[in-house]
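Topology and contacts: notes
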Number of protein chains: 2
Amino acid sequence: MSSEIGVVGAYSTKYEARSQKETHEMIREVATSVFKTVDKGMEPEEVDLIVVSNYSDSFGNILHTAPLVASYIGNLRATGFRVENACAAGTTAVFLAWKLLSSGSFKNALIVGFEKMSAQGSTARAGEILMRTASPEEYRVGAPFVSLYALIAREYMRRYGATEEDLALVAVKNHENATRNPLAQFQRKITVEDVLKSPYISKPIKLLDSSPLSDGAVAILLSAEPRKYTDTPVYIKGLGLRHDFPAVYQREDMAALKAARLAAQDAYRMSGVSPKDIDVFEIHDAFTISEIVLYEMLGLAARGEGYKLMREGVTSFSGSHPVNPSGGLKAKGHPIGATGV
Amino acid sequence: MSSEIGVVGAYSTKYEARSQKETHEMIREVATSVFKTVDKGMEPEEVDLIVVSNYSDSFGNILHTAPLVASYIGNLRATGFRVENACAAGTTAVFLAWKLLSSGSFKNALIVGFEKMSAQGSTARAGEILMRTASPEEYRVGAPFVSLYALIAREYMRRYGATEEDLALVAVKNHENATRNPLAQFQRKITVEDVLKSPYISKPIKLLDSSPLSDGAVAILLSAEPRKYTDTPVYIKGLGLRHDFPAVYQREDMAALKAARLAAQDAYRMSGVSPKDIDVFEIHDAFTISEIVLYEMLGLAARGEGYKLMREGVTSFSGSHPVNPSGGLKAKGHPIGATGV
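Residues numbered from 1 in each chain as written. Chains lettered and ligands numbered in written order. Predicted model: local features only at pLDDT ≥ 70, side-chain atom pairs only at ≥ 80, totals over all residues. Heavy atoms only, no water.

Quick notes on the pattern of salt bridges
Residue and element names in this part refer to chain A. In the structure shown here, the tally under the stated rule is 46 salt bridges over all chains. Taking the shortest distance from any N to any O, the salt bridge between K206 and E164 comes out at 2.5 Å. With K206 in strand β6 (residues 205-206) and E164 in helix α8 (residues 164-178), the pair connects residues that are 42 residues apart, well separated along the chain. The exposure class of K206 is buried, given its relative accessible area of 1%. Overall, the relative accessible area of 18% leaves E164 in the buried class. One salt bridge connects K308 with E305, and the closest N-O pair in it is separated by 3.8 Å. A residue is classified by how much of its surface remains accessible, and E305, at 37% relative accessible area, is partly exposed. (Salt bridge = Lys/Arg side-chain N within 4 Å of Asp/Glu carboxyl O. Helix = DSSP H or I, 4+ residues; strand = E, 2+ residues; numbered from the N terminus. Buried < 20%, exposed > 50% of the residue type's maximum accessible area, 1.4 Å probe, protein only.)

A word on the domain arrangement of chain A
Residues and elements named next belong to chain A. What the domain assignment reports for chain A is domain 1 (2-118 + 214-235) and domain 2 (134-210 + 239-332). Computed from C-alpha atoms alone, the centre-to-centre distance between domain 1 and domain 2 is 26 Å. Contact residues are listed per partner, giving twelve residues for domain 1 and 13 residues for domain 2. Taken together, both faces of the contact between domain 1 and domain 2 bury some 1,100 Å²; the carbon and sulfur share is 67%. On the domain 1 side of the contact with domain 2, K14, Y15 and F95 bury the most area, a combined 44% of that side's loss. Between domain 1 and domain 2 we count zero salt bridges in total. Taken together, domain 1 and domain 2 are joined by three residue pairs in polar contact (both at pLDDT 80 or more). At three residues, the largest contribution of residues to the side of domain 1 that touches domain 2 is made by helix α4 (residues 89-102). The class makeup of the residues in the side of domain 1 that touches domain 2 is five nonpolar, five polar and two charged. (Domains from an automatic or database assignment. Contact = heavy atoms within 4.5 Å. Buried area = accessible area lost by both parts, 1.4 Å probe. Polar contact = N/O pair within 3.5 Å; in protein donor to acceptor, adjacent residues only side chain to side chain. Nonpolar A, V, L, I, M, F, W, Y, C, P; charged D, E, K, R; others polar.)

Side note on the UniProt feature "domain: Thiolase N-terminal" (unreviewed entry) in chain A
The UniProt feature table records "domain: Thiolase N-terminal" (unreviewed entry) at residues 7-224 of chain A. Between the first and last C-alpha atoms of residues 7-224 of chain A the distance is 9 Å; the span itself is 41% helix and 18% strand. (UniProt positions renumbered as here; feature names shortened; annotations may be inferred.)

Some points on helix α8 (residues 164-178) of chain B
All names here are of chain B. Taking 1.5 Å per residue, 15 residues should reach 21 Å; α8 reaches 22 Å between its end C-alpha atoms and fits that length. Of all 15 residues that make up α8, twelve are buried, and the element is covered over most of its length. Every buried residue of α8 is listed here: E164, D166, L167, A168, V170, A171, V172, K173, N174, H175, N177 and A178. (Expected span 1.5 Å × (residues − 1).)

Notes on the sheet that holds strand β3 (residues 79-84) of chain A
Taken together, twelve strands build an open sheet; the order of strands is β8(A)-β1(A)-β7(A)-β4(A)-β2(A)-β3(A)-β3(B)-β2(B)-β4(B)-β7(B)-β1(B)-β8(B) and the sheet is mixed. Pairing within the sheet leaves two strands with one partner each, and these edge strands are β8 (234-235) of chain A together with β8 (234-235) of chain B. By the bridge criterion, nine bridges tie strand β4 (residues 108-116) of chain B to strand β7 (residues 215-223) of chain B in an arrangement that is antiparallel. Counterpart to N108 of chain B in the pairing with β7 of chain B is S223 of chain B. Lying over the sheet, helix α1 (residues 23-33) of chain A contacts β1 (6-12), β4 (108-116) and β7 (215-223) of chain A, oriented at roughly 150° with respect to β4 of chain A. Strands β1 (6-12), β4 and β7 of chain B of the sheet are contacted by helix α1 (residues 23-33) of chain B, whose axis makes an angle of about 150° with β4 of chain B. (Pairing = 2+ DSSP bridges. Axes fitted to C-alpha atoms, helices over the stretch in contact; angles between N-to-C directions.)

A few points about the interface of chain A and chain B
Across the boundary between the two partners, chain A contributes 46 residues, which contact 46 residues of chain B. Buried surface at the junction of chain A and chain B, summed over both partners, amounts to about 4,200 Å²; 57% is from carbon and sulfur atoms. The largest share of the area that chain A buries against chain B comes from H64, R132 and H243 of chain A, three residues that together contribute 15% of it. If you look at where chain A meets chain B, you find six salt bridges. The salt bridge involving R132 of chain B is made with D57 of chain A; its shortest N-O contact spans 2.6 Å. Where chain A packs against chain B, one counts 26 residue pairs in polar contact (both at pLDDT 80 or more).

Some thoughts on the side chain of R251 of chain B
Residue and element names in this part refer to chain B. Its location among the elements puts R251 in the loop between β8 and α10 (258-271). Within the buried set, R251 has no salt-bridge partner at all; the shortest N-O distance to an opposite charge, 4.1 Å, is to D244. Side-chain polar atoms of R251 contact the backbone oxygen of F245, separated by 2.9 Å. A distance of 3.5 Å separates a polar atom in the side chain of R251 from the backbone oxygen of P246. Residue contacts for R251: discarding those within four places in its chain leaves I152, D244, F245, P246 and L257. (Lys, Arg positive; Asp, Glu negative; His and termini not counted.)

Details of the environment of A31 of chain B
Residues and elements named next belong to chain B. Tracing the backbone shows A31 in helix α1. Of the residues examined, A31 reaches a relative accessible area of 0% and is grouped as buried. Here the alpha-carbon distance between A31 and M157, two residues 126 residues apart in the chain, equals 43 Å.

Comments concerning the relation of the copies chain A and chain B
Mapping chain A onto chain B calls for a rotation angle of 180° and an axial translation of 0.0 Å; the resulting RMSD is 0.0 Å. Both copies of the chain, as the preceding transformation shows, are related through a two-fold rotation axis. Using C-alpha coordinates, one finds that chain A approaches the rotation axis most closely at V83 of chain A, a distance of 2.3 Å. Taken together, the interface assignments show that 100% of the residues at the interface of chain A recur at the interface of chain B, consistent with an identical surface on both copies. (Least-squares fit on C-alpha atoms with pLDDT ≥ 70 in both.)

Some words on the packing of aromatic side chains
For the coordinates displayed, the defined rule picks out ten aromatic pairs over all chains. Among the aromatic residues, those joined into a cluster by ring pairs are F145, Y149 and F287 of chain A. Above the plane of the ring of F317 of chain B lies R180 of chain B, whose end atom (NZ or CZ) is 3.8 Å from the centre. (Phe/Tyr/Trp six-rings, centres within 6.5 Å; stacked < 30°, edge-to-face > 60°. Lys NZ or Arg CZ within 6 Å of the ring centre and 35° of its normal.)

Written out as structure tokens, the structure reads:
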């Protein structure tokens, strides 16, 4: 039964730097519109599980959103809750909905992810909210995400010989991909030179190596009886959810992302699929270094050789293993709670 | 198998108005200490699920707490996530852990609930954070929790003839109960006169009808093989999780708490137990009116007669159906994420 769980509907707002919609308006839009995307139709009453993904209530000043979603779709009988797991909140929502559907506890899940990161009106304020993901020690000394990824990037580049140009290639690719995605936040191509000339945020990471602050929301419908709702469900064949030390300095290998490797291994084992069988990858490129390291964690490249895939064009839109054809977090945008849904 | 799931360990900090511990120190204390409460011992490595309950990251400026807990107990192989469901975050954590254990997905769950509500240093700031639970319309007009409960109280009193003295009796009972609980925030008895003389916050609710802002954390260990860890597990025989409209004005009956009635019915049905079989109740008395209405929702009293139970002493410590012998939220304290765990 578990192998039969599939996505039967999906709806996303456009991702924007500053949406004119309030947070709850974005939630209402995706929660109600997703039903219109189901080929054979689904009534809101058929949903018995609502899982909401949101990173911080400090952006939109909003909590208790599962019953809010329930009230918007007019179905207060569904069981609901919100999950948070830093930037993996959305993935966690899908993971939990899958678990709860596959065990037979529920039949149809509505998953809503959202974040309106412009809501607090200042990048400094947003930066503080983002730092809450770090370990208490890192938060105390004021280490932002970009500095923690810069530690990873410097160690990776020192050890394996990747350059700032290699990082830039990721940004160039993902910006180009985003121009094919009308919902993406950025709709302009950039060059390696543009990236290299953009200011350092935390050396070696520059402005154009970084994903933006984004406003956006997404909803999907997951069903344990997907064929009832569409002839072309997107089945979920494998899943993994793993952790590492929140503090970068505590990790076994500072230049790796071990949790991603373990989660990918779980998903490969469960599905019987290997990396080379996969046609399209959507992976976490909050900073360009992240995409390169993930090539290695996911088994697309040997350790220390991820940046060569980028040089060879393997992961470009027309390559043999396209990565982030949506534009990725880098160019599609990264409204945290929506990411991963 | 599902009827075999039981609590095998439990640990709580003292609840305080202003804890000297930082939020992450409270988390570490309960996450590590709970293992020492397991009769036959449990190693942190035996935990394969971590569920964290926290209301708002705006109190403690902390997110991504499931892997933090994992790092504190030295077990990064467990799957973890944080849940939020307003004041039911803790109950939701237990509900989900139970679901995931009963389906065989996991064996042993560590549940950690916490909130350091003094962390932002001002009651006004805390008040704004609490208002995020309300509907967007209520938040927009600035309606705090106490005013929404005041609407419920006024309608209940008008319709059924309960008085402000009846509300006061709940506070008196729960304060007296708290003096028997060394972990409770308040350790002083109060009189009906004390309550009636305390200032109105939102008429008819007074200061002493209201639960306090609290700092505290709790951890429990839930096992699908409880006898392996203790000869006296606390089995979970019935559970329910239901919602109503977040906005009070949208509810079918403004003087009821319908979601609680439905959730209780679910739990009674699942366990085969009826209200009169239950020896001890711990229920949500964020404001005194809430406890009285819940007597009716839980089937302890007929509709409109909850306040009479209080007058007759049925729910006092030595009554036939003691309610909130811990002191309840009113006097034990209400660090939101810890409540319900």
